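As a plain string of letters, each chain reads:
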Amino acid sequence: MVRPVHAPNHPEQKPDSFSPDSRQAWIRLVIALVIGSIGGVGMWAIVVMIPAVQAEFAATRGAVSLAFTLMMFGFGLGGVIAGKITDRFGIVPAMAISIAFLGVANTLAGLSTQLWQFIAAYFLIGLGTSATFAPLMAEASHWFERYRGLAVTIVASGNYFAGTMWPPIVNWGMQSIGWRHTHIGIGLVCVGLMTILVLVLRAQMGDAQAHDHANAPPPRVDLKLSTNTLTVLLSIASISCCVAMAMPQVHIVAYCGDLGYGVARGAEMLSLMMACGIVSRIGSGFLADKIGGIRTLLVGSLAQGFALVFYLFFDSLASLYLISAMFGLFQGGIVPSYAIIVREAMPASEAATRVGIVIFASVFGMSFGGWVSGVIFDASGSYGAAFANGVAWNALNIGIVVLLLIRSRMGSVKSGPSFAT
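- An unreviewed UniProt entry lists the protein under the name Sugar phosphate permease, with Bradyrhizobium sacchari as the source organism.

Below, the structure is given as structure tokens:
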């Protein structure tokens, strides 16, 4: 007889037991969103501070940009580590470690006397920021069944909210007290506010249930694949879609400069793209609750490829604004779809680790995509070939997602299948 995965320990729940999709679940979700919006500062502060830090250390732009690269690597690696901690001990200990890293690392960045120290501090900031994304998405997926897709995408939107609210605050801090004291201030704010919020979240979850997934809904999609095989396929798909995604996000500003429109116009397009991404993320959650994570990912991937093709044929100022908005609306829900698929097809006890691995792959895809697009531009003298390269990687992503969709249609939907590892 096959043993069900994550069946409740006791058939009869206590009256005060947590129930998915309940009012308590929504309260937890709001707290998680605010935590993600505050802790996500690590991904955006460096973007604002690069010119000031460059002047301080008399360094090249590329040398200072290495801080962003190391931060992203720490963000990806930390997602796997924090995910493992979440699966083993719960989200509260993972968030406590995240808070400590954000406080200490931002202080070290503010006190750094050499560029290498600043860069090393940003690697630690990336590690701290990581717990506010992948592990938090995975944890939120345990609180919902009917609205799981919406919940995951709302938590994922914390990253975009951080990108909306933090840059003006950081810029104001730099103008008022300098980039060093601004870093220290960021560390104090993260420690103070996030500690309060995590304590509230812990109280909402209860001491005994802080890392108990007994009430988490079980997997409901059987792809007839081991969890390791599915993780590999999702990671390759994640790399592919993010290589394609990186071309407009990383190079739209430079592209507008080359076309003679000015970098300010490119920055506006990037902001428009990210704002539309918030709408896309939440909208994809509604869609996932209706048609499932795999189909939602396929819709997003097809739409992203569609938008990339438009970049190949239109380059007027008005068309680039329109295409950038369209690209944001299409791509924002892609990355959270992977977390939804993990929870639909894998046991709750390892969801945070698996989501962390797939998000790490997406970070690698974004980093590689931004770099290879620049290499292709240097070799060809235009961004046309770089956009075409993005379309090709996007096609690989679509192929993998179609394969998963076929397997999901071949297999029967079960409430608690057994999974090989």
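1. Re the packing of aromatic side chains
Okay, so step 1: Taken as a whole and judged by the stated rule, the model has 17 aromatic pairs.
Okay, so step 2: Taking 6.0 Å as the distance between ring centres and 65° as the angle between the ring planes, the aromatic pair formed by Phe-73 and Phe-360 counts as edge-to-face. On the criterion of sequence distance, the pair formed by Phe-73 in helix 3 (residues 61–89) and Phe-360 in helix 13 (residues 351–380) is long-range, its members being 287 residues apart.
Okay, so step 3: By relative accessible area, which is 41% here, Phe-73 ends up partly exposed.
Okay, so step 4: Members of the aromatic cluster, each reached through a chain of ring pairs, are Tyr-255, Tyr-311, Phe-327, Phe-377, Tyr-383 and Phe-387.

2. Side note on the confidence of the model for the protein
Parts of the model with low pLDDT should not have their predicted coordinates read in detail.
Okay, so step 1: Here the protein averages 84 in pLDDT, and 90% of its residues register 70 or above.
Okay, so step 2: Throughout residues 1–15 the model reports pLDDT below 50, and contacts reaching past four residues in sequence, or to other chains, amount to 20 contacts.
Okay, so step 3: pLDDT under 50 marks residues 412–421. Its contacts with residues more than four places away, or in other chains, come to 31 contacts.

3. Here's the deal with the environment of Leu-108
Okay, so step 1: Tracing the chain through its elements places Leu-108 in helix 4 (residues 91–111).
Okay, so step 2: In this structure Leu-108 comes out as partly exposed when scored by relative accessible area, which is 42%.
Okay, so step 3: Considered as a pair, Leu-108 and Leu-124 are 16 residues apart in the sequence and their alpha carbons are 9.5 Å apart.

4. Here's the deal with the layout of surface pockets
Okay, so step 1: Roughly 1,700 Å³ of internal volume is contained in the largest pocket.
Okay, so step 2: Lining of the largest pocket is provided by 40 residues; of these, Trp-44, Val-47, Phe-68, Gln-249 and Leu-270 occupy positions nearest its centre.
Okay, so step 3: Looking at the lining of the largest pocket residue by residue, the class counts come to 27 nonpolar, eleven polar and two charged.
Okay, so step 4: Among the domains, domain 1 (21–206) and domain 2 (217–410) are the pair contributing at least three residues each to the lining of the largest pocket.

5. What to know about the packing of helix 8 (residues 227–259) against helix 14 (residues 384–410)
Okay, so step 1: It is at 9 Å that the axes of helix 8 and helix 14 come closest, and there the two elements cross at 155°. The angle between helix 8 and helix 14 falls in the class roughly antiparallel. Two packed elements cross with a definite hand, and for helix 8 against helix 14 that hand is left-handed.
Okay, so step 2: Across the contact of helix 8 with helix 14, the residue classes break down as 18 nonpolar, six polar and no charged.

Conventions adopted
- Residues numbered from 1 in each chain as written.
- Predicted model: local features only at pLDDT ≥ 70, side-chain atom pairs only at ≥ 80, totals over all residues.
- Heavy atoms only, no water.
- Phe/Tyr/Trp six-rings, centres within 6.5 Å; stacked < 30°, edge-to-face > 60°.
- Helix = DSSP H or I, 4+ residues; strand = E, 2+ residues; numbered from the N terminus.
- Buried < 20%, exposed > 50% of the residue type's maximum accessible area, 1.4 Å probe, protein only.
- pLDDT = per-residue confidence, 0-100.
- Contact = heavy atoms within 4.5 Å.
- 1 Å grid on protein atoms, 1.4 Å probe; cavity = no way out; pocket = protein on both sides within 12 Å on 5 of 7 lines; lining within 4 Å.
- Points joined across faces, edges and corners; volume = space filled by probe spheres on them.
- Nonpolar A, V, L, I, M, F, W, Y, C, P; charged D, E, K, R; others polar.
- Domains from an automatic or database assignment.
- Axes fitted to C-alpha atoms, helices over the stretch in contact; angles between N-to-C directions.
- Parallel < 35°, antiparallel > 145°, perpendicular 65-115°, else oblique.
- Left-handed = near helix turned anticlockwise from the far one by under 90°.

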